[in-house]
Each structure stands twice: as C-alpha cells, then as structure tokens.
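Chain and residue survey
In case you want the letters, here they are:
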Amino acid sequence: MRRSMAALAKTVLKDDGHVVRRVAIVGGTHGNERNGIFAARHLLKDTKRASRSTFETTVDLANPAAIAVNRRYVDEDMNRCFSREMLGRKATSREARRAEVLDQALGPKAAEERRMDLVIDLHNTTSDCGYALMMRRDDALSHALCATLQKQYEDVRCCEWDDKPDHATLPSCGRSGFTLEVGPVPQGVADAVTYQKTLELIDSILDAVEARNQALLSQKSSVTLEPLEVYRRVDHVDFPRDDDHVVAGLIAPEVIDFKPLEPGQPLLLGLDGECVKTHGESDLTPFFVNEAAY
C-alpha cells in the first residue's frame, strides 16, 4: 500500500564476455502471483519451449506451500529471505527453509562460482507497471538482455534495485538475475493478456541469451552497450496515517506508474478527497503505485 519513487538515468555497462551455461526460470516466489506460477507450470511440461542449444534451462516453483493456499506467503515473505544475513541464520519459517534449498540450487550465494549464470524470477503486481525488469545496478548481463528486449518491445522498462552490496531477493542468488514484474494483475488470479505476453517475453529473453552465446562462442568480440535508460529506486512514500497508524488516505489519481511527476501536482488525498501532499521540485517518477502487498 505505497508507491516507490525512481530517478530516470542512463547507464552503460560493458559485456563481460561470460558464456551463459545455466538459466533458471522460477515462478511462485509469491504464492498468489498466478501469472508466473502458470508460466512455470507450462514450461515444466513444455520443456522444448525453454530449450536452447548453448545452455541448459531449469524451471522451478519457489514456494509450493504458499501456492497451495493461494497466498503471498505462509510464514514470511520469501523474497526477503535471500540476503547473506538471512541465509546465515537458523531457518525457522517454511519460507526460510525453502530459501536455503533454493540458494543451494541457484547459488549458493556464499560461493564465488554460482550454479546458475542467470535467474529469471516471474512476478506480477497490482500496480499498472506494464512489463519491467528489475536488477542489480552492476549486472551487465541483465542490462544487456533488457536493452535487447527494448528494441523489440516499447513497453519494457529497466529498473534497478537499491544501490547496496547485498539483496534479499531470489534472483540475487545467481551470477546474474532479475525479476520480471508484470501488471496490473489482481492477486490470486491469472490474466490471459499479460500471461501470454509473459510467455512471449520469456521466449525473447532465452533467444537473446542464445544469440549472445553464439556470438561469444564464434569468438566475436564483446561489445559495449548503447546507453540504456533505467529507473533507479531512490525512495518510497507511504499513505497518510492517523494517530493509530491506520491508513487515512489515498494516492491521487494523477499519480501513474512511470509518468514523471510535475512540480506541485497532487500526490496524496485524505479520506475527505482533499489533497494532503503535493510533489516538490525533484525530478522523480513513481512506480509500483498501489501495489497491494505493501
């Protein structure tokens, strides 16, 4: 129940020339995000669709217990269980125990060499974010794949996680990895249009990995990417709350995912419909507007 704020930037990362040998596609990190769950189930059955000649693809469902009850999680949010600190603790929840298993399959994160060269984590969101790849700021491979997708799809955006040395998200277990966020999709259901587009994007991502591998294996030189437009998360804004810390407001209708904010425009409304907060002068863009899980 909040929105994140991002600064628009351009970045250039040099391809490190590493040939991708293993790719993991994971759905169901959140058990009520059905698009990714359905896509993973489909790929588990249609193994040829995810197969390419230069690398091995594995598909998994991250949180079977939450999937079974159609809830985001059972004990705690699995996508907060993959930091080095969390993985180093004694696991007491179902999600934390499952995270240890997944870390061994994808990483392990504590090792210099990871089992998976690329991890693709499938999510959907109630926010109207369209199609967004979310990744580390220094992940050259994920940025390169996003740049390739943007040449095919005008509605694909690149978003970077916070600038910190470790992240608690599932894709961070691999050598490279990103979250594929798709929205708007209600919690607990699958949406046919975005589901079909998700499968199409997965196909395109795997094709891009294959093409890059073929170029590297044919001893073509690595290349520097053209500048890639990225959204860098800088802050999040909570709802207005009353003295009991109960939500007492709404996001203004003018606040739209990936639409730059104008100085002075309404941001938050009180329950009486009157504006209680406006935007200042900073050049920021909102995303994850009205994501229900927050």
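That block above? That's the structure.
A brief report on the enclosed structure follows. (Residues numbered from 1 in each chain as written. Predicted model: local features only at pLDDT ≥ 70, side-chain atom pairs only at ≥ 80, totals over all residues. Heavy atoms only, no water.)

Our focus in this paragraph is the packing of helix α1 (residues 34-45) against helix α6 (residues 192-217). Where α1 meets α6, the closest approach of the two axes is 10 Å, and the angle between their N-to-C directions is 50°. Between α1 and α6, the angle is such that the two are oblique. Classified by chirality, the crossing of α6 by α1 is right-handed. For the pair α1 and α6, the contacting residues are Asn-35, Phe-38, Ala-39, His-42 and Leu-43 in the first and Thr-194, Tyr-195, Thr-198, Leu-199 and Ile-202 in the second. For the contact of α1 with α6, the class distribution of residues is six nonpolar, four polar and no charged. (Axes fitted to C-alpha atoms, helices over the stretch in contact; angles between N-to-C directions. Helix = DSSP H or I, 4+ residues; strand = E, 2+ residues; numbered from the N terminus. Parallel < 35°, antiparallel > 145°, perpendicular 65-115°, else oblique. Left-handed = near helix turned anticlockwise from the far one by under 90°. Contact = heavy atoms within 4.5 Å. Nonpolar A, V, L, I, M, F, W, Y, C, P; charged D, E, K, R; others polar.)

Next up on the list: the sheet that holds strand β9 (residues 249-251). Across the sheet, three strands lie side by side as β9-β10-β11; this open sheet has antiparallel pairing. The outermost strands of the open sheet, each flanked by one partner alone, are β9 and β11 (275-278). Taking each pair of neighbouring strands and ignoring which way they run, the sheet shows an average axis angle of 25°. Alignment of β9 against strand β10 (residues 266-270), held across three bridges, turns out to be antiparallel. Among the inter-strand pairings, Gly-249 is bridged to a residue of β10, identified as Gly-270. (Pairing = 2+ DSSP bridges.)

Considering the arrangement of structural elements, one finds Arg-212 in helix α6. Accessibility expressed as a relative area gives 13% for Arg-212, which makes it buried. Here Asp-15 takes part through its side chain, which lies 2.8 Å from a polar atom of the side chain of Arg-212. Looking at Arg-212, its side chain comes within polar contact range of the main-chain oxygen of His-18, at 2.7 Å. Contact partners of Arg-212, with chain neighbours within four places excluded, come to Asp-15, Asp-16, Gly-17, His-18, Val-19, Val-20 and Leu-141. (Buried < 20%, exposed > 50% of the residue type's maximum accessible area, 1.4 Å probe, protein only. Polar contact = N/O pair within 3.5 Å; in protein donor to acceptor, adjacent residues only side chain to side chain.)

With that out of the way, let us pick up the layout of surface pockets. Reported here for the largest pocket is a volume of approximately 670 Å³. Together, 29 residues line the largest pocket, and Arg-80, Trp-161, Thr-169, Arg-233 and Tyr-294 are the ones closest to its centre. Mapped by element, the contributors of at least two residues to the lining of the largest pocket are β1 (2-11), β4 (118-124), β6 (156-160) and β7 (176-183). Its residues placed into classes, the lining of the largest pocket shows nine nonpolar, nine polar and eleven charged. (1 Å grid on protein atoms, 1.4 Å probe; cavity = no way out; pocket = protein on both sides within 12 Å on 5 of 7 lines; lining within 4 Å. Points joined across faces, edges and corners; volume = space filled by probe spheres on them.)

Another aspect to go through is the packing of aromatic side chains. A full pass over the atoms with the stated rule returns three aromatic pairs. Relative to Phe-287, the ring of Phe-258 has its centre 5.9 Å away and its plane inclined at 10°; by these criteria the two rings are stacked. You can see Phe-258 sitting in the loop between β9 and β10 and its partner Phe-287 sitting in strand β12 (residues 285-287), a full 29 residues away along the chain. Look at Phe-258 and you get buried, because its relative accessible area is 7%. An aromatic cluster is defined as three or more aromatic residues linked by ring pairs; in this entry it consists of Tyr-231, Phe-258, Phe-287 and Phe-288. For the cation-ring pair, Lys-197 lies above Tyr-131, with the distance from its terminal atom to the ring centre recorded as 4.2 Å. (Phe/Tyr/Trp six-rings, centres within 6.5 Å; stacked < 30°, edge-to-face > 60°. Lys NZ or Arg CZ within 6 Å of the ring centre and 35° of its normal.)

This paragraph deals with the packing of helix α5 (residues 140-152) against α6. Direction vectors running N to C along α5 and α6 enclose 120°, while the axes themselves pass 10 Å from each other. Relative to α6, the element α5 lies oblique. Considering how the two elements wind past one another, α5 and α6 form a crossing that is right-handed. Where α5 abuts α6, its residues Leu-141, Leu-145, Thr-148, Leu-149 and Gln-152 lie against Leu-201, Ser-204, Ile-205, Ala-208, Val-209 and Arg-212. Here the residues of the contact of α5 with α6 are counted per class, giving seven nonpolar, three polar and one charged.

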